[in-house]
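# Secondary and tertiary structure notes
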Amino acid sequence: MLLNCHSFFSLRYGMIPEEELLKMGKESGYGCIALTDINNTSGCLNFIRMAPKHDIKPIVGIDFRNGIEQQFVGIAKNNAGFQELNAFLSSHLHSKQNFPDQAPHLENVFFIYPFEKLVRTRKQTFLPNEYIGVSTRDLNRVQFSPFFKHQDRLVILQPVSFRNKKDFNAHRLLRAVDENTLLSKLTTSQTAQDSEVVLPSKVLQYHFKDFDPITYNTEKLMAQCHIHFTFGDDKEHQNLQVFGETKADDYQLIRKLAYEGIGNRYGDSVNDIIFDRISMELDLIEKQNFIPFFLVNHSITSYARHKGYYYVGRGSGANSIIAYLLNITNVDPIELDLYFERFMNLYRKNPPDFDIDFSWRDREDVTQYIFDTFGKNGQASLLATYSTFQHSAAVRELGKVFGLPAYEIDALSDGKYDPNKLDQFATLVIKYAKYLQDNNQPNHLSIHAGGILISQKPIHHFTATDLPPKGFPTTQFDMVIAEDVGLNKYDILGQRGLAKIKETLDVIRYNRPDAPAFDIDNVKKFKTDPKINNLIKQAQCIGCFYVESPAMRMLLKKLEVDNYLGLVAASSIIRPGVAKSGMMREYILRHQNIEKREDAHPKLMELMPETYGIMVYQEDVIKVAHYFAKLTLGEADVIRRGMSGKFRGRDEFDRVKKKYFRNCEEMGYDKQMTQDIWNQIASFAGYAFAKGHSASYAVESYQTLFLKAYYPLEYMVAVLNNGGGFYGPELYVHEARMLGANILAPCVNHSAGETVIEGKDIYLGMQFLNEIEEKTIHKILLARQQDGLFTSLVNFLDRVSISIEQLTILIRINAFRFTGIDKKTLLWKAHFWINKTPKVPQKQLFHTEIKDFELPVFHSSAIDDAYDQIELLGFALCSPFYLLKHELPKSVMSNDLHNYIDCEVVQYGYLVAIKNTRTARGEVMYFGTFLDQEGQFIDTVHFPPVAAKFKFSGKGVYKIHGKVMDEFGFLSIEVIEMTRMDSAVR
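Residues numbered from 1 in each chain as written. Predicted model: local features only at pLDDT ≥ 70, side-chain atom pairs only at ≥ 80, totals over all residues. Heavy atoms only, no water.

A few words now on the overall build of the protein chain. A tally of regular secondary structure across the protein chain gives 39 helices and 23 strands. A compact globule built from 986 residues would reach a C-alpha radius of gyration of about 30 Å, and the protein chain, at 33 Å, matches this within 12%. By principal-axis analysis of the C-alpha atoms, the protein chain measures approximately 100 × 80 × 65 Å. Counting across all 986 residues of the protein chain, residues that qualify as buried make up 56%. With an accessible surface of roughly 43600 Å², the protein chain has 51% of that area assigned to carbon and sulfur atoms. Of the charged side chains in the protein chain, 113 are positive and 119 negative; the average position of the first set lies 3 Å away from that of the second. (Helix = DSSP H or I, 4+ residues; strand = E, 2+ residues; numbered from the N terminus. Rg over C-alpha atoms; globule rule 2.2 N^0.38 Å. Buried < 20%, exposed > 50% of the residue type's maximum accessible area, 1.4 Å probe, protein only. Areas by Shrake-Rupley, 256 points an atom, 1.4 Å probe, with all protein chains shown as cover. Lys, Arg positive; Asp, Glu negative; His and termini not counted. Charge placed at Lys NZ, Arg CZ, Asp CG, Glu CD.)

What follows deals with the packing of aromatic side chains. If you walk through the whole model with that rule in mind, you get 51 aromatic pairs. Considering the side-chain rings of Phe 371 and Phe 472, the 4.7 Å spacing of their centres and the 25 degrees angle between planes classify their relative orientation as stacked. Of the two residues, Phe 371 is situated in helix α14 (residues 363-374) and Phe 472 in the loop between β13 (465-466) and β14 (474-475); the sequence distance between them amounts to 101 residues. One exposure class covers both Phe 371 and Phe 472, and it is buried. Cation over ring: Lys 77 sits above Phe 110, and NZ or CZ is 4.8 Å from the ring centre. Note that Arg 553 overlies the ring of Phe 937, its terminal NZ or CZ placed 4.1 Å from the centroid. (Phe/Tyr/Trp six-rings, centres within 6.5 Å; stacked < 30°, edge-to-face > 60°. Lys NZ or Arg CZ within 6 Å of the ring centre and 35° of its normal.)

Counting residues in each nonpolar core, the largest one holds 101 residues, and the members touching the most others are Leu 556, Phe 796, Leu 807, Leu 810 and Phe 816. When residues in this core are grouped by element, the largest group, 8 residues, is from helix α31 (residues 691-710). Dropping the residues within four chain positions of it, Leu 807 is found in contact with Leu 793, Phe 796, Leu 797, Ile 802, Phe 816, Ala 830 and Ile 834. Counting residues in hydrophobic clusters, the runner-up holds 64 residues, among them Leu 2, Leu 35, Ala 76 and Phe 115. (Core = buried A, V, L, I, M, F, W, Y, C linked by side-chain atoms within 4.5 Å. Contact = heavy atoms within 4.5 Å.)

Our next topic: the side chain of Ser 135. Its location among the elements puts Ser 135 in the loop between β6 (130-134) and α5 (139-142). Judged by relative accessible area, Ser 135 falls into the buried class, the value being 5%. Ignoring anything within four residues of it in the chain, the contact list for Ser 135 reads Leu 157, Gln 158, Pro 159 and Phe 208.

Moving on: α14. For α14, built from 12 residues, the straight-helix expectation of 16 Å at 1.5 Å per residue is met to within 8% by its first-to-last C-alpha distance of 16 Å. Burial in α14 covers these residues: Val 366, Thr 367, Tyr 369, Ile 370, Phe 371 and Phe 374. Looking at the buried positions of α14, the neighbouring elements they touch are α11 (291-307), β10 (355-359), β11 (380-388), β12 (442-454) and β15 (490-495). (Expected span 1.5 Å × (residues − 1).)

A few words now on the pairing of strand β5 (residues 109-114). On a regular strand, one side chain projects to one face of the sheet and the next to the other, so that they alternate. In terms of burial, β5 is largely enclosed, as 6 of its 6 residues are buried. Taking every second residue as pointing to the same face, both faces of β5 are buried, with Val 109, Phe 111 and Tyr 113 on one and Phe 110, Ile 112 and Pro 114 on the other. The pairing of strand β4 (residues 69-76) with β5 spans 4 bridges and is classified as antiparallel. Opposite Val 73, over in β5, you have Ile 112 as the bridge partner. Here 4 bridges tie β5 to β6, and the two strands are oriented parallel to one another. Each residue of the ladder has a partner; that of Pro 114, found in β6, is Gly 133. Handedness of the crossover joining β5 and β6 through helix α4 (residues 115-121): right-handed. (Pairing = 2+ DSSP bridges. Right-handed = clockwise from strand over helix to strand, strands pointing away.)

Buried within helix α21 (residues 530-537) we find Ile 532, Asn 533, Leu 535 and Ile 536. Down the axis of α21, the smallest arc covering the buried residues is 150 degrees, so these residues share one side. Residues of α21 that are buried in the fold lie against α20 (523-527), α22 (550-559), α23 (564-573) and α31. The positive-phi residue at the C-terminal boundary of α21 is Ala 539, with phi of around 55 degrees. (Arc of directions from axis to C-beta.)

See the structure below:
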């Protein structure tokens, strides 16, 4: 008889996880419970999914509220009613309108008005589906009210929001957070009653013992409600069922597209293996009813090609030859011998994953195309994610609620405090922050990085939708629940690497118009290009997609990668799980030493000869589980998915895990070996790539490496204009300089908003200047376009309306250096002229001479220029070693380190990057990346004792004393001591 239960998806209000609500309901004697979260349906499907486990009949609805004020509760009679409720809620969430006092007329919904609300609105008449909700605290008043005559309309509306007193305390804190007020100023009208806990069924019945009609009406209403969705192995295929007119048409279309693609992809090298693979895939795709899924992805990528957008199709779908032939992916599964069953098998309920990356500049237009094409009838939406209270966010929110000063909140958030010295309020902040984090308490809904649903039924059949700033309807549940109910996402992602490729082609056209034509998609040619492969072998990959980080640079050198297949493997080996399991080191050992390959288990070596018997790709998990542990392909896929963490702990995962160990025992495997192999799976499966996914990444890497090999300066311009990559802009400026560019500060006569190149001169974009306004840049470019280059500062001020603050930025960065006048003189003149001339420039027939006062000769230095650059750009355009207070003594350069292996050396390095990590004992250690005086990398290792004693203290040049270590051909410095060098005084 609980018709008004709130889970913790009543955001910043309720406290109870859905499953715990069901468990408590069962323990309290209820056989039926209604989940009615406040303006939210996030928990509904999971509530329905888990209810049978607790022998509870689930009912779902929505508690409609304007702020804290309850308007009415809608209870779905059936699935149609749930869809009606979702549509009604969504319309108000999208338009941000308050809910009316009168509930809408929805055919398949019961509406319950709280008694207190009716007292205020004095509603007199009720429709057949409308009821009056009475709680235990209303009983003494309701029998003396005019509503008592509607006895057939009275039902029990006993709200539930908490488990206990601590939950209620947390609820009050959440209400204060939501109201953005101090806890001391929170009123009782802004919170729930502390009585909103689950009363035992018998206790609730006792309260209503003198009101049998109310109990009868409640039970009758609940008996009329039936909601049903299928989940897990029994789930229905809820995605788009037909792409065209009929399923037969769809099959003929995908078959036609596949065979048309053979000539483009294989030319004269087509053979029976290819034809057999096509036939097998088409047959299985049809049986699984995944043809529309492929055709939708083909439609999306066709639109992209029509618009000239670059994209990369990756994920397990890259194991499919049909995807390759339809141009969804650019990876040949025959060439790479990709494991077909990772992509699809008869046991797999979900379609393959297609992660399609677009340029960050193009992605929104592609998303709009999807909604315009497939979302006309409400069948498309973005996917949500749940943003939960983590330690730092919880501490900061609660600190404000308790009125703590900012410095104290910072200390609590960063963990820089002595627990024994905390006062009462700080103690409460830490206590309840941990409580919220341990409860996995949702804070708000966010948007999944790229997930889009396209369903056969309207999305509101499953969920209400929000309308975030992106402007696209967004579900109120996440991808796990979507998959549970049979909805599979299309991943439309944005990345900057593709924008770099596209922009480089534009830059080449204007800077090197005579350059020979080339096809950037001709990756087969790139794979055999010695110039490109040498870049990989030497790890000269700064700026290139996925292969530029210090860790990847180290791995490429250790593996001596000089080909496409090696890069595919490296792209997956670098993932956290392989390194965590210790198998990265083992892989390198077996790669370099043939005799070490004998350490592999014979069965694992048989399954994975290419990777020396080591699990590297996601499909390796399936192979090992299927062939080694004799699990079915379906069970093997449960393990792969379960290792992601999202499904771990689920009953189906636990069952398969037990079967793995049971099967291994029955086959007589050594227990320790069985456990070791399981540990390998557990340590990396959630982080590993499918091989096709790694291959897709490697294709994009080769495209960027081609551009860097043959058009290095143009490519670095595109890198700078598209957010760089792993490093900050300073390193890409350094790399461009090392490749032969002249790097120049922004100039009002040459620069644009973005970085531009003229021959070998790279002019940094004005957008890199701190605090420069976009409108200022626009005015400068417009004036230059209309009347040509500026001839002097006066000419500039005649043509551009600008504030003295914005003009000062341009002068300090030396953007008027074409005048030949030093910056300090220009600043004096600017302050005088800008106060004497009109604020708005106007076209003038005659220019009035401005009196030019004679000024003293000002002294300026390159050091002054460098510090202005640091302040305005974030880095100096000169060598950082030039800015040191004292000249450096002679030291060892990186190019000579091979002469000092196992010897102690001193190097001076400019700090580029730091990676923090922890040892097995939990001690902090670091990996450092520096540049030496010749611009080459220094890689350092700081073990815990050194890391504790010699701290990094920001950007700058450091004296590094350490021992040169050689690990598989990669040289690094094991630091003994480190000191930051003093900079020159400005």
